[in-house]
Amino acid sequence: MNPIAVNSYRALPEHMFTGDIPVATGSPQLLILNDGLLQDYGIADTWFRSAEGLGVLSGNAINSDNPPMAMAYAGHQFGQRVPLLGDGRAHMLGQMHTANGNVDVQLKGSGPTAFARGGDGRATLASVLREYLVSEAMAGLGIPTTRSLAVIATGDAVYREEPEPGGILARTARSHIRVGSFQHAAGNLGDEAVKALADYMIEQHFPQCAAADNRYADLLVAVGERQAQLIAQWMLVGFIHGVMNTDNMSIVGETIDFGPCAFMDEFNADKVFSSIDRHGRYAWAKQPGIGLWNLTRLAETLLPLLSSDSDTAVRIAEAQLAPFMPAFQAAFYAGLRKKLGLRDQAEVGNGFADETLALLGEHAIDMTVFFDTLTRVAGDAPDGAVLELFSDTAGVQQWLTQWHSVRADDADTAQRMRRANPAVIARNHRVEEALRAATARNDLTPFLRLTGALQNPFHCAPENADLQTPPLPEERVTATFCGT
Ligand code: AMP
Ligand code: MG
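Scope of this entry: the structure provided in the associated data block. For clarity, every value in this text was computed on a predicted model and none was experimentally measured.

Brief notes about the overall build of the chain
Here is step 1: When helices and strands are tallied, the chain shows 17 helices and 13 strands.
Here is step 2: Rg of the C-alpha trace for the chain: 23 Å, near the compact-globule value of 23 Å for 484 residues, within the 12% margin.
Here is step 3: Each principal axis of the C-alpha atoms in the chain carries an extent, and together these give about 65 × 60 × 40 Å.
Here is step 4: Buried positions account for 56% of the 484 residues belonging to the chain.

The following block contains the structure:
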């Protein structure tokens, strides 16, 4: 039986979604089903592997008992306000009851909707596989994220610069409501719609805010707290989202909409991957500032709910956003101290963490390799393992001496560091290589191998050692896969 049995979004005001349904595909095939995720959910794979399941996931069959919809939202893209965006190529099928609570199931690449704005409503198989890989890598790292449940090869060509194989991603999320959803409600539908949306989010996802004196003010703080934690976790593993537009920022604090995102190799605080981010708006170090900028756009939509007096409302909003940066800083530096295995001395530790990042930047040292090596040195590897990473060791010996003076050295320091320092990340050149093999040669082996290794990134099996190494100069990805 179809486990996607309910759809709580039907309770939202009418113009928060449309009744668009998926458009059928030629000869769909279930390419990947995420068995591990289904196991976590406590849901059997039977239906997903059935003809009926394939029909629903490919858009060829519509569940008339629980019909799909397309979600409406607005957004600021690269700082520019777009009054109406919405899911141009995605369909919300509804929610499944799982062992971990209710989750949305959404198809992406399932045909044009009322929001397609001339787009074809489709996704290339490569972009679908990319989202699958990176979102599952994120989950392996323990970072909140939308998940990838299944990949369907549509059997149809998608026309980008040239014809490419088409794909559909079935993804899950605690919620698909975005900052842009609130912007749509506020900009296009009015205060009542904003209130209905905020009440829906409180009821479904932030019940702790329901009893507060000002529940909407409380909601804003809670959303900010989750984003502060999320962005800190991204940065600690060198992740750059790449398109932190307000329509790509989830209210519940999951990483969502994996476009030209990537994990950086050599540390560079100004690193940008996306070729469309020409001004570096979404560079690694800019992410918390952008998070706050986006939250400010959210706060603007909530002003009428915060107080009937507009000056008071602004004052309340400012007060609720004030804890965001300190919360981010606290999470980020606590994470860095953990990565460095420091004794818990915030004052000394934070300064030392800054010096460490500066050192890595100056010498263009691979971030993951560095922290992985340091974790081994905290175990039984010699200091030389760190020194070997630097071609010019001036200043490094001094850094090591300092590290020895501030590090913790109890029996489980190395183990604690290990939990903060992945041995293997989704390196861009490996991701691209896996996508090339999958789409050009129909060979999923590298993709499945990489996805498998990233399920437990804190341990690298000897046979996966090649996945740990940074790209050679000729392997470097110069233009991050942006094909959608
Ligand atoms: P994104 O950059 O993926 O967050 O997408 C921004 C907006 O463009 C969203 O409204 C998408 O639904 C829409 N969009 C992206 N690609 C397509 C496409 N091929 N067809 C229709 N809409 C699209
Ligand atoms: Mg998006």
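Quick look at the side chain of Arg178
Here is step 1: With respect to the element layout, Arg178 can be found in the loop between β11 (163-173) and α5 (179-189).
Here is step 2: Within polar-contact distance, the side chain of Arg178 engages the backbone oxygen of Asp247 at 2.6 Å.
Here is step 3: Those residues in contact with Arg178 that sit more than four places away from it in its chain are Tyr73, Asp87, Arg171, Thr246, Asp247, Asn248, Met249, Ser250, Ile251, Ile256 and Asp257.

Description of the pairing of β11
The two faces of a sheet get side chains in turn, since along a regular strand they alternate between them.
Here is step 1: Burial analysis of β11 places eight of its eleven residues in the buried class, which makes it a mostly covered element.
Here is step 2: With five bridges joining them, strand β8 (residues 101-108) and β11 adopt antiparallel strand pairing. For Lys108, the partnering residue across the bridge sits in β11 and is Leu169.
Here is step 3: With two bridges connecting them, strand β9 (residues 123-124) and β11 associate as antiparallel partners. When the bridges of β11 are listed, Thr124 appears paired with Gly166.
Here is step 4: In this structure, strand β10 (residues 147-159) lies alongside β11, joined through nine bridges in antiparallel fashion. For Ala157, the partnering residue across the bridge sits in β11 and is Pro165.
Here is step 5: Between β10 and β11, which pair antiparallel one after the other, the connecting turn spans three residues.

Focus: the site of ligand 1
Here is step 1: Residues in close proximity to ligand 1 total 16 residues, the closest being Gly86, Gly88, Asp120, Gly121 and Asn248.
Here is step 2: A distance of 3.3 Å is found between a nitrogen atom of ligand 1 and a backbone nitrogen or oxygen belonging to Arg122.
Here is step 3: Contacts to ligand 1 include Asn248, whose side-chain N or O atom sits 3.1 Å from an oxygen atom.
Here is step 4: Across the complex, the protein chains shield 79% of the 490 Å² of accessible surface that ligand 1 would expose by itself.
Here is step 5: Taken together, the residues that form the shell around ligand 1 break down as two nonpolar, six polar and eight charged.

Structural notes on helix α10 (residues 324-340)
Here is step 1: Over its 17 residues, α10 extends 24 Å from the first C-alpha to the last, a length consistent with the 24 Å expected when each residue adds 1.5 Å.
Here is step 2: Those residues of α10 not exposed but buried are Phe324, Ala327, Phe328, Ala331, Phe332, Tyr333, Gly335, Leu336, Arg337, Lys339 and Leu340.
Here is step 3: Positive backbone phi, approximately 65°, marks Gly341, located one or two places after α10.

Section: unusual backbone geometry
Here is step 1: Located in the positive-phi region is Asp257, a residue other than glycine, with phi close to 65°.
Here is step 2: Residue position: Asp257 is located in the loop between β12 (239-240) and β13 (262-263).
Here is step 3: At Asn442, a residue that is not glycine, the phi angle is positive and equals roughly 55°.
Here is step 4: With respect to the secondary-structure elements, Asn442 resides in the loop between α16 (428-440) and α17 (445-455).
Here is step 5: Classification of Asn442 by relative accessible area gives exposed; the value is 70%.

Observations concerning the nonpolar core
Here is step 1: Among the nonpolar cores identified, the biggest contains 119 residues, and Ile177, Phe182, Phe332 and Trp403 are the most heavily contacted of them.
Here is step 2: The dominant element in this core, judged by the number of residues it contributes, is helix α7 (residues 215-236), at 13 residues.
Here is step 3: When neighbours within four sequence positions are excluded, Phe332 is seen to be in contact with Ala232, Met235, Leu236, Trp284 and Leu357.
Here is step 4: Grouped together as the second largest cluster of nonpolar side chains are 20 residues, Leu33, Leu37, Val56 and Ile168 included.

Some remarks on the pattern of salt bridges
Here is step 1: By the definition in use, this model includes 24 salt bridges.
Here is step 2: The shortest N-O distance in the salt bridge between Glu266 and Arg476 comes to 3.1 Å. A residue pair is termed long-range when its members are at least 10 positions apart, and Glu266 in the loop between β13 and α8 (287-306) and Arg476 in the segment after α17 qualify at 210 residues.
Here is step 3: Here Glu433 makes a salt bridge to Arg430, at a shortest N to O gap of 3.1 Å. Within this pair, Glu433 and its partner Arg430 are both found in helix α16, separated by three residues, close to a single helical turn.

Overview of the coordination of the magnesium ion (ligand 2)
Here is step 1: Protein coordination of the magnesium ion (ligand 2) is provided by Asn248 (OD1) and Asp257 (OD), with donor distances spanning 2.0 to 2.1 Å. Of the two residues, Asn248 and Asp257, both sit in the buried class.

Side note on the packing of α7 against helix α9 (residues 310-321)
Here is step 1: One can describe the packing of α7 onto α9 by two numbers: an axis separation of 9 Å at closest approach and a directional angle of 30°. By the angle between their axes, α7 is roughly parallel relative to α9. The interaxial crossing formed by α7 with α9 has right-handed handedness. Contact with α7, carried on its side by Ala217, Leu220 and Val221, involves Ile316, Ala317, Gln320 and Leu321 of α9 and no other residues of that element.
Here is step 2: Among the residues making up the contact of α7 with α9, the classes are represented as six nonpolar, one polar and no charged.

As for helix α4 (residues 125-140)
Since the α-helix packs 3.6 residues into each turn, any two residues three or four apart lie on the same face.
Here is step 1: The terminal C-alpha atoms of α4, which comprises 16 residues, lie 22 Å apart, in line with the 22 Å expected from a rise of 1.5 Å per residue.
Here is step 2: Immediately beyond the C-terminal end of α4, within one or two residues, lies Gly142, with a positive phi of roughly 80°.

Reading guide: rules and limits
- Residues numbered from 1 in each chain as written.
- Chains lettered and ligands numbered in written order.
- Predicted model: local features only at pLDDT ≥ 70, side-chain atom pairs only at ≥ 80, totals over all residues.
- Heavy atoms only, no water.
- Helix = DSSP H or I, 4+ residues; strand = E, 2+ residues; numbered from the N terminus.
- Rg over C-alpha atoms; globule rule 2.2 N^0.38 Å.
- Buried < 20%, exposed > 50% of the residue type's maximum accessible area, 1.4 Å probe, protein only.
- Polar contact = N/O pair within 3.5 Å; in protein donor to acceptor, adjacent residues only side chain to side chain.
- Contact = heavy atoms within 4.5 Å.
- Pairing = 2+ DSSP bridges.
- Near = heavy atom within 4 Å.
- Areas by Shrake-Rupley, 256 points an atom, 1.4 Å probe, with all protein chains shown as cover.
- Nonpolar A, V, L, I, M, F, W, Y, C, P; charged D, E, K, R; others polar.
- Expected span 1.5 Å × (residues − 1).
- Core = buried A, V, L, I, M, F, W, Y, C linked by side-chain atoms within 4.5 Å.
- Salt bridge = Lys/Arg side-chain N within 4 Å of Asp/Glu carboxyl O.
- Donors = N, O, S within 2.8 Å, 3.2 Å for Na, K, Ca; no water.
- Axes fitted to C-alpha atoms, helices over the stretch in contact; angles between N-to-C directions.
- Parallel < 35°, antiparallel > 145°, perpendicular 65-115°, else oblique.
- Left-handed = near helix turned anticlockwise from the far one by under 90°.

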